[in-house]
Amino acid sequence: MENVMEVKDLRKEFKAYSSRTGLKGAFRDLLTRNYKVIPAVNDINFSVRKGEMVGYIGENGAGKSTTIKMLTGILTPTSGSIIVNGMNPHKEREKFVQTIGVVFGQRSQLWWDIAVQESFRLLKKVYKVSDADYNNHMGHVIRTLDIEPLLDKPVRKLSLGQRMRCELAAALIHNPPLLFLDEPTIGLDVLVKLKIRDFLKEINEKYQTTILLTTHDLSDIEALCERVILLDEGSVIYDGALKNLQEKWSEGKELKFQFLEKVDITAVKVLTSELPVKWELEEKEQVFTATVEDSGELISQVIAKVVAAYKIKDIKINETSTEEIIRNIYEKGAV
Ligand SMILES: Nc1ncnc2c1ncn2[C@@H]1O[C@H](COP(=O)(O)OP(=O)(O)OP(=O)(O)O)[C@@H](O)[C@H]1O
Ligand SMILES: [Mg+2]
């Protein structure tokens, strides 16, 4: 299958200026400023095939948005090369933007004071979409994202979730084969999130739309992306199947006990001291979590010991979540 994106040794450095202290320092800062060069994106390589939905994840400041800005031609790389949809995003900007859709959850691309449908109309002109194509494609988008009642409202009067659905629709006016979504579900309620997920799945199936998705909500990734690229301080530390990551890094099962009466965690630790268990106290009252290897015998032993000693209100057994797996990876530093 063809690659729609090829990134080679891509690097972006920013200058971080530091201020000197005191009045003397301030005067010196006027003349020459001290700065450090920080590589926000540090020589990364990856490629994406047509129709893939890739999760691009990492902690705050890892370099995700910077990468997306370079991939969409908003920022110029310090070095390295990018080919997206067969073009250099920065150099062939005008032709290039016709072939992509972008949503930055952190900032609006719609015109704040005019009605949503006027924004759509302007974008339709910008992208030179024919009436027939627009009606055909956008009719469906508008229905699926349920934004019909919002079309005559100015963007500034929309709630966050309403606005995000309109942003997504706006990014799709020219039905681009490639979508960049930088935190598209930030701050949305569960229902809107599910709607957006379903919609993304649908266009991916229907048009083979390629999607690069950044989010801090790993359930978005679990729902949509088979493949993840994990970024840490500007470097790619994992690129592959989400499933492999989960298998390799899963730390077994979590047993969540909620006690009826006040229980001391040290006592619980002593109780199970002969077993390989890691205990954690949750912020909520009287909920203790034991992490154990995924073995039926061990799980039974832990439960038996605890239940014999204390009255239990509730007990839950969970797989370790993807969130924890990722947190683990960051804490240990490598994959
Ligand atoms: N215009 C800029 N000037 C200087 N430094 C910048 C600029 N933009 C980003 N940075 C720095 O580059 C690094 C990567 O930022 P980036 O916005 O790409 O992170 P991110 O992975 O998107 O994080 P988040 O999850 O918080 O959105 C950060 O250390 C940030 O401070
Ligand atoms: Mg970002």
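What you are looking at is a predicted structure, and each value in this text was computed from that prediction instead of being measured.

Rules of the game
Residues numbered from 1 in each chain as written. Chains lettered and ligands numbered in written order. Predicted model: local features only at pLDDT ≥ 70, side-chain atom pairs only at ≥ 80, totals over all residues. Heavy atoms only, no water. Helix = DSSP H or I, 4+ residues; strand = E, 2+ residues; numbered from the N terminus. Contact = heavy atoms within 4.5 Å. Lys, Arg positive; Asp, Glu negative; His and termini not counted. Charge placed at Lys NZ, Arg CZ, Asp CG, Glu CD. Pairing = 2+ DSSP bridges. Axes fitted to C-alpha atoms, helices over the stretch in contact; angles between N-to-C directions. Near = heavy atom within 4 Å. Polar contact = N/O pair within 3.5 Å; in protein donor to acceptor, adjacent residues only side chain to side chain. Areas by Shrake-Rupley, 256 points an atom, 1.4 Å probe, with all protein chains shown as cover. Nonpolar A, V, L, I, M, F, W, Y, C, P; charged D, E, K, R; others polar. Buried < 20%, exposed > 50% of the residue type's maximum accessible area, 1.4 Å probe, protein only. Core = buried A, V, L, I, M, F, W, Y, C linked by side-chain atoms within 4.5 Å. Domains from an automatic or database assignment. Salt bridge = Lys/Arg side-chain N within 4 Å of Asp/Glu carboxyl O. Patch = residues over 30% accessible without salt bridge, like charges linked within 9 Å, V, L, I, M, F, W, Y side chains within 5 Å.

## Side note on the overall build of the chain
The helix and strand tally for the chain stands at twelve helices and 13 strands. When contacts within the chain are restricted to residue pairs at least 6 apart in sequence, long-range pairs at least 24 apart make up 72% of them. Within the chain, one finds 47 positive and 49 negative side-chain charges whose respective centroids are separated by 7 Å.

## Details of the sheet that holds strand β4 (residues 79–84)
Read across the sheet, three strands follow the order β2-β1-β4 without closing on themselves; strand pairing throughout is antiparallel. With partners counted over all chains shown, the strands left at the sheet margins are β2 (34–49) and β4, one partner each. For this sheet the average axis-to-axis angle between neighbouring strands, irrespective of direction, equals 25 degrees. As paired strands, strand β1 (residues 3–18) and β4 are joined by five bridges and run antiparallel to one another. Note on β4: the bridge partner recorded for K8 is S81. Across the face of the sheet, helix α2 (residues 64–71) comes into contact with β1, β2 and β4 while running at roughly 120 degrees to β1.

## Here's the deal with the site of ligand 1
F14, A40, E59, N60, G61, A62, G63, K64, S65, T66, E183 and H216 make up every residue found near ligand 1. Separating an oxygen atom of ligand 1 from a side-chain N or O atom of N60 is a distance of 2.9 Å. One of the side-chain N or O atoms of T66 is found 2.5 Å from an oxygen atom in ligand 1. Alone, ligand 1 offers 630 Å² of accessible surface; in the complex the protein occludes 60% of this. Among the elements that line the shell around ligand 1, the one with the most residues is α2, at three residues. Considering only residue class, the shell around ligand 1 consists of three nonpolar, six polar and three charged.

## With respect to unusual backbone geometry
Here the phi dihedral of D9 falls at roughly 45 degrees; this positive angle occurs in a residue that is not glycine. Its location among the elements puts D9 in strand β1. One non-glycine residue with positive phi stands out, namely D43, at about 55 degrees. Relative to the helices and strands, D43 is located in strand β2. On the basis of relative accessibility, which here comes to 38%, the residue D43 falls in the partly exposed class.

## Examining the nonpolar core
Membership of the largest hydrophobic core comes to 51 residues, with the highest contact counts inside it found for F120, L168 and L200. Among the elements that take part in this core, helix α6 (residues 160–171) stands out by supplying six residues, more than any other. In contact with F120, not counting residues within four places along its chain, are L110, Y134, M138, I142, I147, L151, C166, A169, A170 and I173. The next biggest cluster of nonpolar side chains, apart from the first, holds 26 residues, and it includes L10, V41, M70 and L71.

## Some points on the domain arrangement of the chain
Taken domain by domain, the chain consists of domain 1 (3–13 + 43–247) and domain 2 (252–319). For domain 1 and domain 2, the distance between their C-alpha centres works out to 42 Å.

## Focus: the pattern of salt bridges
Oppositely charged side chains can form a pair if their charged atoms are brought close together. Taken as a whole, this structure holds 13 salt bridges when the rule is applied. The salt bridge involving R11 is made with E13; its shortest N-O contact spans 2.8 Å. Classification of E13 as partly exposed rests on a relative accessible area of 30%. Between D314 and K316 there is a salt bridge, with the nearest N and O atoms lying 3.7 Å from each other. For K316, a relative accessible area of 45% translates into the label partly exposed. Connected through salt bridges with shared partners, the residues R11, E13 and D43 form a single ionic network.

## Remarks on a nonpolar patch on the surface
Judged by side-chain polarity, L23, F27, L30 and L31 come together as a nonpolar surface patch covering roughly 540 Å² of accessible area. Tracing the sequence through the fold places F27 in helix α1 (residues 22–31). Of the residues examined, F27 reaches a relative accessible area of 51% and is grouped as exposed.

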